[in-house]
Amino acid sequence: MTPLPGQSGSVPAAVSDAVPDTRRRSTDAAWDPRQYAVFSGHRGRPFADLLARVDADAPGLVVDLGCGPGELTLGLAERWPDARIIGVDSSPEMLDRARELDVSGRVEWVEASAEDWDPTECGASIDVLVTNATLQWVPGHLRLIPAWVASLAPGGIFAMQVPSNFDAPSHRLMREVAGRQPRAADLRPGLDRARAVARPETYAALLLDLTPEVDVWQTTYQHVLAAVPDGPHPVLEWVRGTGLRPVLGVLEADERERFVRDYERELDTAYPRRSFGVLFPFTRTFAVARTPR
Ligand SMILES: C[S@@+](CC[C@H](N)C(=O)[O-])C[C@H]1O[C@@H](n2cnc3c(N)ncnc32)[C@H](O)[C@@H]1O
């Protein structure tokens, strides 16, 4: 398989707070492609593991739902040079970055939420529908999956990966620290959204009701994150690009500073800095389903 971008482990230097943007929903910080890219090597690995189980030689139409900043979508274009590739995402910031990276205009980038995206608008049945690290942000996705599978061509493949780390210290501590804030009630809805992820057996049963060829599994990655003694805790930097956004988007600057200080102190205990860096175990759930040929 062609190596996918993001597997190199390269770490861009730019690290910034989420950039406020008027286009965002009121409870969310905008996605910041630079912050998200900080751990692109680690984040690319599950995508590669998912795609390794997608057995498709020459798909005509490939969709990446929740394509983010597009690096991994461009990897799909490399793997299937003759395929039409569509990247769908609800974040204008992520799509702006994707268009920048796609210098040859290889991919069709579509701004739409997963909830509103209509697969029939592609104008053809889909051969491979990939959705990586996105459905945790789509609370109703169990109800949407049947329509996505129905939009596949005969022998088409649906491939998804979601983080299953709601009970990991990174997320439990985020909720605990949020619960101690004066505006705890304002923070709860954004944090609760991670509950959208179902158990592996739920995805397996849902997909097996739709098609007999289904493969569901979980992997716990032991990410080793580089850590500087007095620098920001790397798990904080990781979640800043994803799960912490709903918190950062709600808080004012001084509240945000206080929250981050408390949370980082907890992270330092839960994920100690060692000679080799910080060990960050991360469980993810994968599902691949193929429709009958
Ligand atoms: C963690 S990133 C994953 C990006 C890319 N798939 C990857 O693996 O690097 C999650 C992406 O989901 C997108 N997203 C979140 N909620 C969404 C929704 N309801 N509909 C479509 N995209 C959504 C975000 O804008 C973001 O780009």
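Everything discussed here concerns the structure shown above.
Criteria and cut-off values
Residues numbered from 1 in each chain as written. Predicted model: local features only at pLDDT ≥ 70, side-chain atom pairs only at ≥ 80, totals over all residues. Heavy atoms only, no water. Core = buried A, V, L, I, M, F, W, Y, C linked by side-chain atoms within 4.5 Å. Buried < 20%, exposed > 50% of the residue type's maximum accessible area, 1.4 Å probe, protein only. Contact = heavy atoms within 4.5 Å. Pairing = 2+ DSSP bridges. Helix = DSSP H or I, 4+ residues; strand = E, 2+ residues; numbered from the N terminus. Axes fitted to C-alpha atoms, helices over the stretch in contact; angles between N-to-C directions. 1 Å grid on protein atoms, 1.4 Å probe; cavity = no way out; pocket = protein on both sides within 12 Å on 5 of 7 lines; lining within 4 Å. Points joined across faces, edges and corners; volume = space filled by probe spheres on them. Nonpolar A, V, L, I, M, F, W, Y, C, P; charged D, E, K, R; others polar. Near = heavy atom within 4 Å. Polar contact = N/O pair within 3.5 Å; in protein donor to acceptor, adjacent residues only side chain to side chain. Areas by Shrake-Rupley, 256 points an atom, 1.4 Å probe, with all protein chains shown as cover. Phe/Tyr/Trp six-rings, centres within 6.5 Å; stacked < 30°, edge-to-face > 60°. Arc of directions from axis to C-beta. Left-handed = near helix turned anticlockwise from the far one by under 90°.

**Description of the nonpolar core**
Of all hydrophobic cores here, the largest spans 28 residues; its most connected members are Val63, Trp117, Leu129, Ile145, Trp148 and Phe158. Not counting residues within four places of it along the chain, the set of residues in contact with Leu129 comprises Val63, Leu65, Trp117, Trp148, Ser151, Leu152, Ile157, Phe158 and Ala159. Within the second largest apolar cluster, 27 residues are counted, among which are Val38, Phe259, Phe280 and Phe282.

**Here's the deal with the sheet that holds strand 3 (residues 108-111)**
With mixed pairing, the seven strands of this open sheet are ordered in space as 3-2-1-4-5-7-6. The two strands at the open ends of the sheet, each matched to only one other strand, are strand 3 and strand 6 (213-225). Averaged over all pairs of adjacent strands, the angle between their axes in this sheet comes to 15°, without regard to strand direction. Alignment of strand 5 (residues 152-163) against strand 7 (residues 278-290), held across seven bridges, turns out to be antiparallel.

**Overview of empty space enclosed by the protein**
Empty space left among the atoms is revealed by rolling a probe the size of a water molecule over them. Counted by the stated rule, this structure contains one cavity of 30 Å³ or more. Lining the largest cavity we find 27 residues, and of these Gln136, Trp137, Pro163, His171 and Gly243 sit closest to its centre. Elements represented by at least two residues in the lining of the largest cavity include exactly helix 2 (40-51), strand 5, helix 6 (169-179), helix 7 (184-192) and strand 7. Broken down by class, the residue content of the lining of the largest cavity amounts to 14 nonpolar, nine polar and four charged.

**So, the site of the ligand**
Around the ligand there are 19 residues in total, and Tyr36, Gly66, Asp89, Ala114 and Asn132 lie nearest to it. For the ligand, an oxygen atom lies 2.5 Å from a polar atom in the side chain of Asp89. Here a nitrogen atom of the ligand sits 3.3 Å away from a polar atom, N or O, in the side chain of Ser90. Summarising the interface, the protein chains cover 96% of the accessible area of the ligand, which totals 590 Å² for the free molecule. Residue composition of the shell around the ligand, grouped by class: 10 nonpolar, seven polar and two charged.

**Quick look at the packing of aromatic side chains**
The final tally for this structure, using the stated rule, is nine aromatic pairs. Ring plane angle 35° and centroid distance 6.4 Å describe the contact between Trp148 and Phe158, whose orientation is recorded as tilted. Here Phe158 lies in strand 5 and Trp148 lies in helix 5 (residues 141-150), a separation of 10 residues in the sequence. Note on Phe158: relative accessible area 0%, which makes it buried.

**Here's the deal with helix 6**
Of all the residues in helix 6, the buried ones are Ser170, His171, Leu173, Met174, Val177 and Ala178. Buried residues along helix 6 cover an arc of 165° about the axis, so they all sit on one side. Residues of helix 6 that are buried in the fold lie against helix 7, helix 9 (234-240), helix 11 (253-270) and strand 7.

**What about the packing of helix 6 against helix 11?**
Their axes nearest at 10 Å, the elements helix 6 and helix 11 cross at an angle of 145°. Classified by chirality, the crossing of helix 11 by helix 6 is right-handed. Contacts from Pro169, Ser170, Leu173, Met174, Val177 and Ala178 of helix 6 reach helix 11 at Phe259, Asp262, Tyr263, Glu266, Leu267 and Ala270. Among the residues forming the contact of helix 6 with helix 11, the class breakdown is nine nonpolar, one polar and two charged.

Limitation: the analysis is restricted to geometry and does not speak to function.
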